[in-house]
Amino acid sequence: MHASSISHHLERRKALRSFLGVSPALVAIGLFLIVPILIVIGYSLMEANPYGGVNKVFSSDAYTSLLFERQLDDSLAFADSYLLIALRSIGIAGLTTVITLLIGFPVAVWLAMQPVQRRGLLIFLITVPFWANLLIRTYAWILLLRNTGVINNSLMGLGVIHEPLQLLYTDGAVLLGLVYTYAPFVVLPIYATLEKMDTRLLEAAQDLYAGRIRTLRKVVLPIAKPGIFAGAILTFVPCLGAMIAPELLGGGTRMMLGNLIFRQFSDARNWPFGAALSLVLMAAVMLVLTVYALRAQRQKTLQEGA
């Protein structure tokens, strides 16, 4: 009995030490994640102050305004304006993800096939754009795409066109900016999975008379699948809340959820509605991440069972 009491005491001390070891992380998560989220939730359930901020009066109008607008007789009517912005954001984010995968996958495969001594330099070149601020890089695209920019002036100088093309302030410009921004986030995870690939698998596929396409589909793709999913998540999720590219390259007319939320806190001064939009966007992101985590766990369970 005495021995079991000592054992129980040691286990309690071990658990206490473990808790004290992770307590700084728990405090940081509480202060910098949970508390801000609770503040946003509180703001979303208050009344908007016309001059900015909130009035400490409970109101659910912010959530009602997501899909309905109040008429003069105080009745509610369905309004699809914000729903259309959300669908546009999802569409652009999805298309950006597809394009970056189509670009990033071949680049990652090519990088993985390079000699080891050359890969470090190539990865360095891919990460060079991160050294410059995203705002500066986006302004550089404005200089390229505007009516008097490099692209239009070059085409007009060559006689290809006789008047400037409307390249800036379009969905295409926004899409181009997002693809440029997030392409490295696709290349690097896929490369990380392919870097450790045994090249003898490719040689075996060739010995079995498999062509390049079949080798890519049967050998390379299954190995790269975790990196593909990770790259897709790292691209799709930030694109949903992107603000700089839609604001600058879209001219503010190609509204997405990110700059819609920003304008609620700046121009419209409707903090509760901006907070509600932020929470809805966060819930959508959490849903995507949860689906990805469950899928990964299911694949891991199937692999362990096999």
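Residues numbered from 1 in each chain as written. Predicted model: local features only at pLDDT ≥ 70, side-chain atom pairs only at ≥ 80, totals over all residues. Heavy atoms only, no water.

The chain is annotated in an unreviewed UniProt entry as Spermidine/putrescine transport system permease protein PotB of Pseudomonas protegens. Of the comments in the UniProt record for the chain, the one headed Subcellular location (unreviewed entry) reads "Cell membrane". (UniProt positions renumbered as here; feature names shortened; annotations may be inferred.)

Looking at the assigned domains, one finds that the chain contains domain 1 (2–70) and domain 2 (80–305). Here the C-alpha centre of domain 2 lies 31 Å away from the C-alpha centre of domain 1. Contacts between domain 1 and domain 2 engage 19 residues on the former and 13 residues on the latter. Across the interface of domain 1 and domain 2, roughly 1200 Å² is buried in total on both sides, 80% from carbon and sulfur atoms. Summed over the shared surface of domain 1 and domain 2, the number is zero salt bridges. For the pair domain 1 and domain 2, the number of links is zero residue pairs in polar contact (both at pLDDT 80 or more). Among the secondary structure elements, those contributing two or more residues to the side of domain 1 that touches domain 2 are α1 (2–44), β1 (46–48) and α2 (61–64). If you tally residues by element for the side of domain 1 that touches domain 2, the top one is α1, at five residues. Class assignment of the residues belonging to the side of domain 1 that touches domain 2 gives a composition of 13 nonpolar, five polar and one charged. (Domains from an automatic or database assignment. Contact = heavy atoms within 4.5 Å. Buried area = accessible area lost by both parts, 1.4 Å probe. Salt bridge = Lys/Arg side-chain N within 4 Å of Asp/Glu carboxyl O. Polar contact = N/O pair within 3.5 Å; in protein donor to acceptor, adjacent residues only side chain to side chain. Helix = DSSP H or I, 4+ residues; strand = E, 2+ residues; numbered from the N terminus. Nonpolar A, V, L, I, M, F, W, Y, C, P; charged D, E, K, R; others polar.)

This next bit is on the pairing of strand β2 (residues 54–58). The sheet contact formed by β1 and β2 spans three bridges and is antiparallel. Within the sheet, the bridge partner assigned to Ala48 lies in β2 and is Val54. Counted along the chain from β1 to the antiparallel partner β2, the turn is five residues long, and its residue Gly52 has a positive phi close to 105°. (Pairing = 2+ DSSP bridges.)

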